[in-house]
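Spelled out from the first residue to the last, the chains are:
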Amino acid sequence: MNLIFLGPPGAGKGTQAQRLVQRLGIPQLSTGDILRKAVAQGTELGKQAKSLMESGKLVPDALVNGIIEGALAEPSAANGFLLDGFPRTVPQAEALDAMLRRRGKRVDAVVALEVPTEVLVSRLSGRFTCPKCSSIYHSTTRLPKADRLCDNDGAALVSRPDDAPDRVRQRLLEYEQKTAPLTGHYNRTGSLRRVDGVGSVEEVEQRVLRALGIS
Ligand SMILES: [Zn+2]
């Protein structure tokens, strides 16, 4: 199965993607990992990407697409893969469709985890971290034993400015605006599977599997 996973920050995409690739025995291909690997291996495209990244420039679509195509051609991806972080735009999605077509393949399903904004805001905005040991706490799901103090070392917990509710809402809005054209594309191709991401990890996993026709 050739899959793409989409989901806003806080939707539990990482957890669900990990469970799915384990169950299906397919590799999870994340754009960041693929780029880093190409750079480390010193492939021709990897070298080009490295010099761009080192000079602080954006790696252009054509180069990213080429590196992704190389990863899709690897034997480990022959029986399926789960793409994470790619495609991000409609032109990238069209390039992916074309490179899969050349190999006689296609995107079988695009899983879009959906969670209401206010649920995401409460999940993301209640976070506190320990400046000493980096432990993460949460105002509703994982409170420290003593108010605002780390269980491990007693350090005063801090919240990141990015986790303030209005900043979280802004991040989610930006994600929505960036992703809407992509979900529109996959809705038109018939591969979009919208999955309700509210509930326990197990409940959401069952919905993902049903959406893919696996259970
Ligand atoms: Zn600590």
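Residues numbered from 1 in each chain as written. Predicted model: local features only at pLDDT ≥ 70, side-chain atom pairs only at ≥ 80, totals over all residues. Heavy atoms only, no water.

S.K.: Please clarify how the sheet that holds strand β3 (residues 81-84) should be interpreted in this entry.
M.R.: Hydrogen bonds along the backbone pair up the strands of a sheet, which may run parallel or antiparallel. As summarised here, the arrangement of the 5 strands in space is β2-β3-β1-β4-β7, forming an open sheet in which the pairing is parallel. Each having just a single partner strand, β2 (28-30) and β7 (192-196) make up the two edges of the open sheet. Adjacent strand axes in the sheet meet at a mean angle of 25° when their direction is disregarded. Across 4 bridges, the pairing between strand β1 (residues 2-6) and strand β4 (residues 109-114) is parallel. The partner of Leu6 across the bridge, within β4, is Ala112. (Pairing = 2+ DSSP bridges. Helix = DSSP H or I, 4+ residues; strand = E, 2+ residues; numbered from the N terminus. Axes fitted to C-alpha atoms, helices over the stretch in contact; angles between N-to-C directions.)

S.K.: Got a minute to help me understand the pattern of salt bridges in this structure?
M.R.: Here the idea is simple: oppositely charged side chains can pair when their charged atoms come close. Applying the stated criterion across every chain, the model contains 16 salt bridges. One salt bridge connects Arg106 with Asp108, and the closest N-O pair in it is separated by 3.7 Å. Since its relative accessible area comes to 56%, Arg106 is described here as exposed. Since its relative accessible area comes to 25%, Asp108 is described here as partly exposed. A salt bridge links Arg167 to Asp162, with the nearest nitrogen and oxygen atoms 2.7 Å apart. Judged by relative accessible area, Arg167 falls into the partly exposed class, the value being 42%. (Salt bridge = Lys/Arg side-chain N within 4 Å of Asp/Glu carboxyl O. Buried < 20%, exposed > 50% of the residue type's maximum accessible area, 1.4 Å probe, protein only.)

S.K.: For this particular structure, what's the right way to read the coordination of the zinc ion?
M.R.: Between any two of four tetrahedral donors, the ideal angle at the metal is 109.5 degrees; between two of six octahedral donors, it is 90 or 180 degrees. For the zinc ion, every protein donor is listed as Cys130 (SG), Cys133 (SG), Cys150 (SG), Asp153 (OD) and Asp153 (OD), and the spread of their distances is 2.2 to 2.6 Å. The sequence motif formed by the donor residues of the zinc ion is C-x2-C-x16-C-x2-D. Of this pair, Cys130 sits in the loop between β5 (127-129) and β6 (136-138) while Cys150 sits in the loop between β6 and α7 (165-189); the two residues are 20 residues apart in sequence, bridging distant segments of the chain. For the residue pair Cys130 and Cys150, the accessibility class agrees, reading buried in each case. (Donors = N, O, S within 2.8 Å, 3.2 Å for Na, K, Ca; no water.)

S.K.: Is there a simple way to explain the side chain of Asp163 in this structure?
M.R.: Relative to the assigned elements, Asp163 resides in the loop between β6 and α7. Polar side-chain contacts of Asp163 include one of 3.1 Å to the side chain of Arg127. When sequence neighbours within four positions are dropped, the list of residues in contact with Asp163 reads Leu124, Ser125, Arg127, Val168 and Arg171. (Polar contact = N/O pair within 3.5 Å; in protein donor to acceptor, adjacent residues only side chain to side chain. Contact = heavy atoms within 4.5 Å.)

S.K.: When you look at helix α1 (residues 13-24) in this model, what are you seeing that I'm missing?
M.R.: Structurally, the α-helix is built with 3.6 residues per turn, so residues lying three or four positions apart point the same way. In this model, α1 (12 residues) spans 16 Å end to end at C-alpha, consistent with the 16 Å of a helix rising 1.5 Å per residue. Of all the positions in α1, only Gln16, Ala17, Leu20 and Val21 are classed as buried. Along α1, the residues classed as buried sweep out an arc of 130° about the axis, all on the same side. Buried residues along α1 sit against β1, β2, β3, β4 and α8 (201-211). Just beyond α1, the residue with positive phi is Gly25, at close to 65°. (Expected span 1.5 Å × (residues − 1). Arc of directions from axis to C-beta.)

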